[in-house]
Amino acid sequence: MTTTFAPRLKPRRASVKHKKAIAIFLAPFAALFAAFYLLPIGWAIGQSLLVVERDGTFGKPVEVFGGLTQYILVFQNEAFWASVGRVALFGVVQVPVMLGFALVLALLLDSPLVKGKKFFRLAFFVPYAVPGVIAAIMWGYLYSPNLSPFAAFTSGFDLLAPETVLWSIANVVTWVYVGYNMLIIYSALLALPTEIFEAARLDGANQLQIALSIKIPLVMPAIVLTAIFSIIGTLQLLAEPQVFRSFTSSVSSTFTPNIAVYTTSAVPNVSLAAAMSVVLAIATFVMSFVFLKFTQRKGDQ
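Keep in mind the model is a prediction, meaning the values are calculated, not measured.

Enquirer: How do you make sense of the overall build of the chain when you look at a structure like this?
Expert: Along the backbone of the chain there are 13 helices and two strands. Whereas a compact globule of 301 residues would reach a radius of gyration of roughly 19 Å, the chain reaches 26 Å, over 25% beyond that. On the principal axes, the C-alpha backbone points of the chain span a range of 90 × 75 × 40 Å. Classification of the 301 residues of the chain by burial places 35% in the buried group. Partitioning the contacts of the chain with sequence separation of at least 6, the portion at a separation of at least 24 is 64%. Surface accessibility of the chain: about 19300 Å² in total, with carbon and sulfur atoms responsible for 69%.

Right under this line is the structure:
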């Protein structure tokens, strides 16, 4: 008995048509991405490897290659790492509170029992339309004992004291970004098939049970996305504490990592500031990656 084998056919690779048109449409993005993202990163890394040397006390400063000297100084900088710890504490408290509010507001908007959804959706989102600097100035006046219309409260409880100013800033950030995160979660809720909720109601589930058992698990990817955005934003905290420096001395020149970088570059010590920026970027990437992997593992379980 003879056996015949059919020749194996290699799968044909799909050909990409209109390559020139694709390149033309991608060219503006690629140029802007390289100019405003890749080149600044490359410049910062290159600058962080330089040190300044002088010929004598009053000699002309010259930048020379210094290897990892600036990074050693960064890891020896206690004020910088204290600022990292401060924003880490800020994020551990502020991010869950903000996302909790955003989730509750999104669930309320998605509830069939709520009327006037368009008005409330706009009202919740309006604070995000206010620039962060303007929001910080507005809240700074509200917190200031001498300027606040609530002087009876702010004079007895100093919201700009060293013990409370971090959480006063957290309140500003929460007020601004709750609506933004709410809109992301609410968009995910609108994408869910309504048949699931109808079947749950036929089984006797109320709105609270549907929200806890069906809606929240299904929009968990959107919640994770907002959490990653919030972690990145926390480590980039700059505008609000920088504005608060004009209202109180509790916010120092190294209150957050970004303020420390800005202050160091103004000395000027651009190479050390660049090294701080690189370390901060790596820390942001690691924290976001670890959080994403952790949530993915919990989801698989």
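Enquirer: Looking at this structure, I do not really get empty space enclosed by the protein. What am I missing?
Expert: In this approach a probe as big as a water molecule rolls over the atoms, and the regions it shows empty are the leftover space. Tallied over the entire structure, the rule returns one cavity of 30 Å³ or more. Its boundaries defined by the atoms lining it, the largest cavity holds a volume of some 40 Å³. Together, Phe 80, Trp 81, Val 84, Leu 235, Val 279, Leu 280 and Ala 283 line the largest cavity. Residue assignment for the lining of the largest cavity shows that the elements contributing at least two residues are α3 (78–110) and α13 (270–300).

Enquirer: Sorry if this is basic, but what is going on with helix α5 (residues 132–143) here?
Expert: An α-helix turns once per 3.6 residues; consequently, residues spaced three or four apart project the same way. Across its twelve residues, α5 extends 16 Å between first and last C-alpha, which sits within 8% of the 16 Å expected from 1.5 Å per residue. Where α5 is concerned, the buried positions are Ala 135, Ala 136, Trp 139, Gly 140 and Tyr 143. Seen along its axis, α5 keeps its buried residues to an arc of 135°; they face one direction. The inward-facing, buried residues of α5 abut α6 (151–154), α7 (165–190) and α11 (239–244).

Enquirer: Help me out: how do you make sense of the pattern of salt bridges in this one?
Expert: Opposite charge on two side chains permits pairing when their charged atoms draw close. On inspection of all chains with the given rule, the structure shows one salt bridge. Notably, a salt bridge pairs Lys 215 with Asp 110, separated by 2.7 Å at the nearest N-O pair. In this pair, Lys 215 sits in helix α9 (residues 207–218) while Asp 110 sits in helix α3, placing the two residues 105 residues apart along the sequence. Judged by its relative accessible area of 5%, Lys 215 falls in the buried class. Residue Asp 110 is classed as buried on the basis of its relative accessible area, which comes to 14%.

Enquirer: I'm lost on the environment of Ile 137 in this one. Help?
Expert: In this fold, Ile 137 is placed in helix α5. Taking the C-alpha atoms as reference points, Ile 137 and Glu 240, separated by 103 residues in sequence, lie 8.2 Å from one another.

Enquirer: Help me understand unusual backbone geometry, please; the structure alone is not making it clear to me.
Expert: Trans is the prevailing form of peptide bonds, just as negative phi is the prevailing case for residues other than glycine. A cis amide bond links Val 267 with the next residue in sequence, Pro 268, at an omega value of 10°. For Pro 268, the location among the structural elements is in the loop between α12 (257–265) and α13.

Parameters at a glance
- Here the residue numbering is sequential within each chain, running from 1 through the sequence in written order.
- A pLDDT threshold of at least 70 governs which residues receive local features in this predicted model, and a stricter bar of 80 or more applies before side-chain atom pairs are shown or counted, although totals over entire chains, interfaces and linings include all residues.
- Think of the side-chain values as coming from all heavy atoms in the structure, minus any hydrogens and water.
- Secondary structure elements are defined from DSSP: runs of H or I of at least 4 residues count as helices, runs of E of at least 2 residues count as strands, and each element is numbered from the N terminus.
- The globule rule used for comparison is 2.2 Å times the number of residues to the exponent 0.38, while the radius of gyration itself is calculated over C-alpha atoms.
- Categorising residues by exposure relies on relative accessible area from a 1.4 Å probe, with only protein chains included: less than 20% of the type maximum marks a residue as buried, more than 50% marks it as exposed, and the intermediate range marks it as partly exposed.
- Contacts are residue-level and defined by heavy atoms, with any inter-residue pair within 4.5 Å sufficient.
- Computed with a 1.4 Å probe, the accessible areas rest on the Shrake-Rupley method; for each residue, only the protein chains presented here act as cover.
- Here a cavity denotes a set of grid points, spaced 1 Å apart and computed over the protein atoms alone, in which a 1.4 Å probe fits but from which it cannot get out, and a pocket denotes an open set meeting protein on both sides within 12 Å along at least five of seven lines; residues with an atom within 4 Å of a point are reported as lining.
- Grid points are joined across faces, edges and corners, and a volume is the space filled by probe spheres set on the points.
- By this rule the span expected of a helix is its residue count minus one, scaled by 1.5 Å.
- Note that the arc is defined by the directions from the helix axis to the C-beta atoms.
- Each reported salt bridge corresponds to a side-chain nitrogen of Lys or Arg within 4 Å of a carboxyl oxygen of Asp or Glu.

Remember, this is a structural readout, not a statement about activity or role.
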